[in-house]
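Here is what each chain is made of, one letter per residue.
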Amino acid sequence: MSKKPTSTQTDGANTLWGGRFAGGPAEIMARINASIGFDKRLYEQDIAGSKAHCEMLVKQGIVGEEDGAQILGGLDTILDEITAGKFAFSEALEDIHMNIEARLAELIGPAAGRLHTARSRNDQVATDFRLWVRDAADHLEAGLRDLQRALLTRADEHAASVMPGFTHLQSAQPVTFGHHLLAYVEMFGRDRGRYIDARARMNESPLGAAALAGTSFPIDRELTAHTLGFARPMRNSLDAVSDRDFALEFLGSCAITATHLSRLAEEIVFWSSAQFGFIALTDEFSTGSSIMPQKRNPDAAELIRAKTGRVTGAFAALLMVMKGLPLAYSKDMQEDKEQVFDAADTMNLSIAAMTGMIRTMIVKEDAMLAAAGKGYSTATDLADWLVRELNIPFRQAHHITGEVVKRAEAKSVMLEQLSLADLQAVEPRITDAARAILSVQASVASRSSFGGTAPDRVRAAIATAKKEIG
């Protein structure tokens, strides 16, 4: 049976500060000071850090084996209680660290007090938070890999499906839908690289830095770092407890990923509209209207687009928290976690929703092909032909092609529908061979430079990406 808490475990702020404070805080102070409402998410990391610290204390002879065994057993019990939803979190105990410590004292008595030897809440929270962000970075990186795989599957299906390519949202040159999707494979690949890089930099242990200056106890920081999967302990105790670069870098990476997701979401909104008609979203990822029965709204894409604001806002908010803080720890840094937690949740949801939309969307190849020929998108092909076959300087070829486009506009036809006589009226040396390169299919097939949209290049790029992503 668990023991009842002692009076110092139940009388508000006196719990934490011992004999220094005679009275408790004002009610509003207790509310602004408490973080248990959000930092309870760190319970697994806090218990893991405490177990590693306890094992090290025992190994170093700082805590006896019997007390160490009791502490470890108690921590396992607490982990089971929290996992099962049976743990009663108390706002009076401020944070996850003190909630767990108080419960440990209930379970095993005075031996619980030995656990905090040679550490502070400052290095404790820094360790917990790094462990959590490290896990979050791993999870987002894995989610992006799944999204890349979904994009590659659809790109493979549509390596030769012609669509309009745009600049300024105006028809520019035809590309393939597969090539277009591969652009996002590249973007999300860079995003994955940022999480991997950030993880490598954050993978250092603050544990053992104590409050700010280290400790006089003969601790083994290499041991605790190794136990928790860190590459090494942090080299400076002041930096260890005051650094939040890892959280900022994580949020910065999230903001860039959210921006990439938003760009793709924006295109899905366009593509699924009646005006474009390039794709259709399934019932799983669209909604209807309360008044207009014909509507199929791309709400999942719109929400992904909107959530970019809250992720970018989280990054800006934490930058503002950290910008004026002197070394080492200040209570301002309690404001780091909600931003990171919310951004990670938002990103996980957005990536999963985007992956679902990509896997299930219906691609309308005929509509894409019809749109690809509009806007005289093969004009550059004619200019290139003039340079290549007639040795005309590109600027002159550009001018000639502009005159040809003007003629097509006057006749309300596409470039490939102009007669040879129409072309020769602008430039007499043009031959019938020029007309053969003016179709969108011929244009796409000709773009065979590395990284280009020719179907064979697209298929080769897909094969390479599949090998790299796994």
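These numbers were taken from a predicted model, which means no experiment stands behind them.

Caption draft 1: Geometry of helix α6 (residues 96–108). Relative to the 18 Å expected for 13 residues at 1.5 Å per residue, α6 spans 18 Å between its end C-alpha atoms, a close match to the ideal helical length. The buried count for α6 comes to eleven of 13 residues, which makes it a mostly enclosed element. Among the residues of α6, I96, H97, M98, N99, I100, A102, R103, L104, A105, E106 and I108 are the ones counted as buried. One side-chain oxygen at the N-terminal end of α6 lies 3.1 Å from the backbone nitrogen of H97; it belongs to D95.

Caption draft 2: Layout of the layout of surface pockets. Counted as a void, the largest pocket has a volume near 360 Å³. Lining the largest pocket are 15 residues; nearest its centre among them are L182, E186, F450, G451 and A461. Broken down by secondary-structure element, the contributors of at least two residues to the lining of the largest pocket are α8 (177–202) and α20 (455–469). Broken down by element, the residue count for the lining of the largest pocket peaks at seven residues, all from α20. Of the residues that constitute the lining of the largest pocket, the class distribution is eight nonpolar, four polar and three charged.

Caption draft 3: Representation of the packing of helix α12 (residues 299–322) against helix α13 (residues 336–360) in the model. The contact between α12 and α13 brings their axes to 9 Å, and the two run at 155 degrees. If you check the angle between α12 and α13, you find them roughly antiparallel. As α12 runs across α13, the sense of the crossing is left-handed. Contacts between α12 and α13 involve A300, A301, I304, K307, R310, V311, A314, A317 and L318 from the former and D336, Q339, D342, A343, T346, M347, L349, S350, A353, M354 and M357 from the latter. When its residues are assigned to classes, the contact of α12 with α13 shows 13 nonpolar, three polar and four charged.

Caption draft 4: Quick look at the side chain of R121. Residue placement: R121 occurs in helix α7 (residues 121–157). A distance of 3.4 Å separates polar atoms of two side chains, one belonging to R121 and the other to E94.

Caption draft 5: Focus on the nonpolar core. By size, the foremost hydrophobic cluster in this structure holds 87 residues, and its most contacted members are F250, I268 and M354. Sort the elements by how many residues they give to this core and helix α11 (residues 245–271) lands first, with 13 residues. Here I268 is in contact with I279, L281, A301, M354, M357 and I358, once residues within four sequence places are set aside. Grouped together as the second largest cluster of nonpolar side chains are 19 residues, A408, L418, L423 and I430 included.

Caption draft 6: Structural context of the side chain of R103. Of note, R103 is situated in helix α6. Its relative accessible area of 15% is what places R103 among the buried residues. In terms of polar contacts, R103 uses its side chain to reach the side chain of E81, at 2.7 Å. Polar contacts involving the side chain of R103 include one to the side chain of E106, which spans 2.8 Å.

Caption draft 7: Focus on helix α5 (residues 65–83). Taking 1.5 Å as the rise per residue, α5 with 19 residues should run 27 Å; its terminal C-alpha atoms sit 27 Å apart, in good agreement. If you check which residues of α5 are buried, you get D67, G68, I71, G74, L75, I78, E81 and I82. Axial view of α5: buried residues confined to an arc of 145 degrees, hence all on one face. In α5, the exposed positions angled more than 90 degrees off the buried face are occupied by E65, E66, D80 and T83. Looking one or two places after α5, you find G85, whose phi comes out positive at around 75 degrees.

Caption draft 8: Structural detail: the packing of aromatic side chains. Within the structure shown, the criterion is met by ten aromatic pairs. An angle of 15 degrees between the planes, with centres 5.7 Å apart, marks the rings of F270 and F276 as stacked. By relative accessible area, F270 is classed as partly exposed at 26%. Taken together, the aromatic side chains of F129, W132, F246 and F341 make up a single cluster linked through ring pairs. When the ring centre of F341 is taken as reference, the NZ or CZ atom of R41 above it lies at 4.8 Å. The ring of F230 carries R134 above its face, with NZ or CZ at 5.0 Å from the centroid.

Caption draft 9: Spatial organisation of the pattern of salt bridges. This model, assessed by the stated rule, comprises 32 salt bridges. For D67, the salt bridge is made with R114, and the minimal N-O distance between the two is 2.8 Å. With D67 in helix α5 and R114 in the loop between α6 and α7, the pair connects residues that are 47 residues apart, well separated along the chain. E427 is the partner of R429 in a salt bridge, and the nearest nitrogen-oxygen pair spans 3.0 Å. A residue is classified by how much of its surface remains accessible, and R429, at 44% relative accessible area, is partly exposed. Here the residues in one salt-bridge network are E94, D95, R121 and K331, joined through shared partners.

Caption draft 10: Inspection of the packing of α7 against α11 at higher detail. Taken N-terminus to C-terminus, the directions of α7 and α11 make an angle of 20 degrees; their axes are 10 Å apart at the nearest point. It follows from the interaxial angle that α7 and α11 lie roughly parallel. In the crossing of α7 with α11, the sense of the turn from one axis to the other is left-handed. Contact residues: α7 offers A126, F129, R130, V133, A136, A137, L140, L144, L147 and L151, while α11 offers F246, A247, F250, C254, T257, L261 and L264. Here the residues of the contact of α7 with α11 sort into 15 nonpolar, one polar and one charged.

Caption draft 11: Highlighting unusual backbone geometry. A cis amide bond, omega 10 degrees, links L327 with the succeeding residue A328. Position of A328 relative to the elements: it lies in the loop between α12 and α13. The phi dihedral of H168 is positive, around 60 degrees, even though this residue is not glycine. The phi torsion at N391 lies on the positive side, around 60 degrees, for a residue other than glycine.

Definitions and limits used
Residues numbered from 1 in each chain as written. Predicted model: local features only at pLDDT ≥ 70, side-chain atom pairs only at ≥ 80, totals over all residues. Heavy atoms only, no water. Helix = DSSP H or I, 4+ residues; strand = E, 2+ residues; numbered from the N terminus. Expected span 1.5 Å × (residues − 1). Buried < 20%, exposed > 50% of the residue type's maximum accessible area, 1.4 Å probe, protein only. Polar contact = N/O pair within 3.5 Å; in protein donor to acceptor, adjacent residues only side chain to side chain. 1 Å grid on protein atoms, 1.4 Å probe; cavity = no way out; pocket = protein on both sides within 12 Å on 5 of 7 lines; lining within 4 Å. Points joined across faces, edges and corners; volume = space filled by probe spheres on them. Nonpolar A, V, L, I, M, F, W, Y, C, P; charged D, E, K, R; others polar. Axes fitted to C-alpha atoms, helices over the stretch in contact; angles between N-to-C directions. Parallel < 35°, antiparallel > 145°, perpendicular 65-115°, else oblique. Left-handed = near helix turned anticlockwise from the far one by under 90°. Contact = heavy atoms within 4.5 Å. Core = buried A, V, L, I, M, F, W, Y, C linked by side-chain atoms within 4.5 Å. Arc of directions from axis to C-beta. Phe/Tyr/Trp six-rings, centres within 6.5 Å; stacked < 30°, edge-to-face > 60°. Lys NZ or Arg CZ within 6 Å of the ring centre and 35° of its normal. Salt bridge = Lys/Arg side-chain N within 4 Å of Asp/Glu carboxyl O.

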